[in-house]
Amino acid sequence: MKWQGREQSSNVEDRRSDGGAPGGGGFGGGLGGGGFGNGGGIRIPVGRSGGLGGIGLIIVVVLICWALGINPMSLLDGSGSYSGGGSTIGSSTSRPSADAGQDELVSFVGVVAKETENLWGDVFTKNGRTYTPPKIVIFSNQTQSGCGIASADSGPFYCPDDRKVYIDLSFYDQLRRQFGAPGDFAQAYVIAHEVGHHVQNLLGVLPEFNAKRQSMSRDAANAYSVRIELQADCYAGVWANYVGQENILDNGDINEALNAAQQIGDDTLQRQMGGAVQPRNFTHGTSAQRQKWFAQGYKAGNPGQCDTFSGSV
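Residues numbered from 1 in each chain as written. Predicted model: local features only at pLDDT ≥ 70, side-chain atom pairs only at ≥ 80, totals over all residues. Heavy atoms only, no water.

Requested: an account of helix 5 (residues 205-213), with residues and values cited.
Here helix 5 has its buried residues at Val205, Leu206, Phe209 and Asn210. Down the axis, helix 5 shows its buried residues gathered within 145° of arc, on one side only. In the core, the buried residues of helix 5 are packed alongside strand 5 (157-159), helix 4 (184-202) and helix 6 (218-245). (Buried < 20%, exposed > 50% of the residue type's maximum accessible area, 1.4 Å probe, protein only. Helix = DSSP H or I, 4+ residues; strand = E, 2+ residues; numbered from the N terminus. Arc of directions from axis to C-beta. Contact = heavy atoms within 4.5 Å.)

Report on the packing of aromatic side chains, specifying residues and quantitative values.
To describe a pair of aromatic rings, you give the distance between the ring centres and the angle between the ring planes. Tallied over the full model, the rule gives 9 aromatic pairs. Aromatic side chains Trp3 and Phe108 sit 5.5 Å apart centroid to centroid with 80° between the ring planes, which places their arrangement in the edge-to-face category. Note that Trp3 is positioned in the segment before strand 1 (12-14) and Phe108 in helix 2 (residues 102-126), a separation of 105 residues in sequence. As far as burial versus exposure is concerned, Trp3 and Phe108 are alike and both buried. Ring centres of Tyr224 and Phe309 lie 5.7 Å apart, and the angle between their planes is 65°; this geometry places the pair in the edge-to-face category. Taken together, the residues span a long stretch of sequence, with Tyr224 in helix 6 and Phe309 in the segment after helix 9 (287-300) at a distance of 85 residues. (Phe/Tyr/Trp six-rings, centres within 6.5 Å; stacked < 30°, edge-to-face > 60°.)

For the state of the cysteines, give the residues involved together with the corresponding values.
Cysteine pairs can be linked by a disulfide, which is a covalent bond between their two sulfur atoms. If you walk through the whole model with that rule in mind, you get 2 disulfides. Two residues share a disulfide in this structure: Cys147 and Cys159, whose sulfurs sit 2.1 Å from each other. Taking the sign of the S-S torsion, about 90° here, the bridge from Cys147 to Cys159 comes out right-handed. Taken together, the residues span a long stretch of sequence, with Cys147 in the loop between strand 3 (142-145) and strand 4 (148-151) and Cys159 in strand 5 at a distance of 12 residues. The partner cysteine of Cys234 in its disulfide is Cys306, sulfur to sulfur 2.1 Å. In this structure the cystine formed by Cys234 and Cys306 twists about its S-S bond by roughly -75°; its chirality is therefore left-handed. Placement of Cys234 in helix 6 and of Cys306 in the segment after helix 9 is noted, with a sequence separation of 72 residues between them. Taken individually, Cys234 and Cys306 each receive the classification buried, so the pair is uniform in this respect. (Disulfide = S-S within 2.5 Å.)

All we've got here are geometric facts, nothing functional implied.
Here you go:
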């Protein structure tokens with residue numbers, strides 16, 4: 001990805017020198033549903049998407065993952081997640097890595113965040129709305145979030161209570177080494193996915209899911225969560241299409257993102273953990289599903305084509 005020298009977002013909050021936050025807590029996973037119609041229109045309920053009261057009680061993705069025996073690092077989503085292992089596909093120039101220095105990674109995150117702001121700002125404006133971007137919080141070890149204590153063990157996530165994406169940059173090293181998903185665009189995919197959950201939150205679908213899950217069985221809630229996560233993957237694909245039009249993609253970038261989606265699918269993660277594949281415990285979707293919906297968003301370039309709630313996924 002040709003990211004160097006490009007404008008960075010002013011919405012990056014660097015907490016690496018804070019030394020971590022004491023105590024422990026739960027994580028609010030940013031989960032959301034369909035917001036864009038087939039024609040690209042946004043279906044937004046009347047009123048502000050803020051003031052969502054109990055949204056802090058939204059699916060505590062990390063705790064659910066532990067309870068279900070799923071690796072919480074599959075939490076690549078802004079409250080969604082995926083994980084897996086695999087080989088590098090394609091090549092990319094100017095590829096930042098944890099070994100290359102975290103300051104470079106911070107700059108990289110800032111550029112990716114700015115590109116998401118450009119995309120979603122345009123989409124919301126075309127639909128008569130104003131896009132308010134999330135803050136991207138970069139931390140080391142642990143920090144306080146609106147959904148509890150964020151730690152390096154949780155993986156990247158989106159907190160709808162404070163509308164911030166949290167990421168410990170050491171995760172990128174784990175993504176490369178443990179999950180076999182190296183490359184700058186694999187890293188960008190993670191951020192774009194989390195921002196996708198923020199978009200879902202702004203569309204008012206997170207509180208809708210919150211309300212529905214109160215009367216859902218665990219299996220039904222997991223199935224709903226999968227559709228939410230796959231939509232965030234599709235939104236990440238839409239973003240990939242956008243940066244492609246900006247002529248900042250390198251050869252192999254899209255393959256890097258597809259490889260990351262492959263390596264962090266629920267089925268791949270369960271196999272990696274040495275257990276049997278249990279579809280009823282999926283919360284983010286299979287490797288094939290994650291690849292399918294990222295590719296769908298990338299090919300369409302239209303969030304209106306990201307309806308994961310109609311029919312099969």
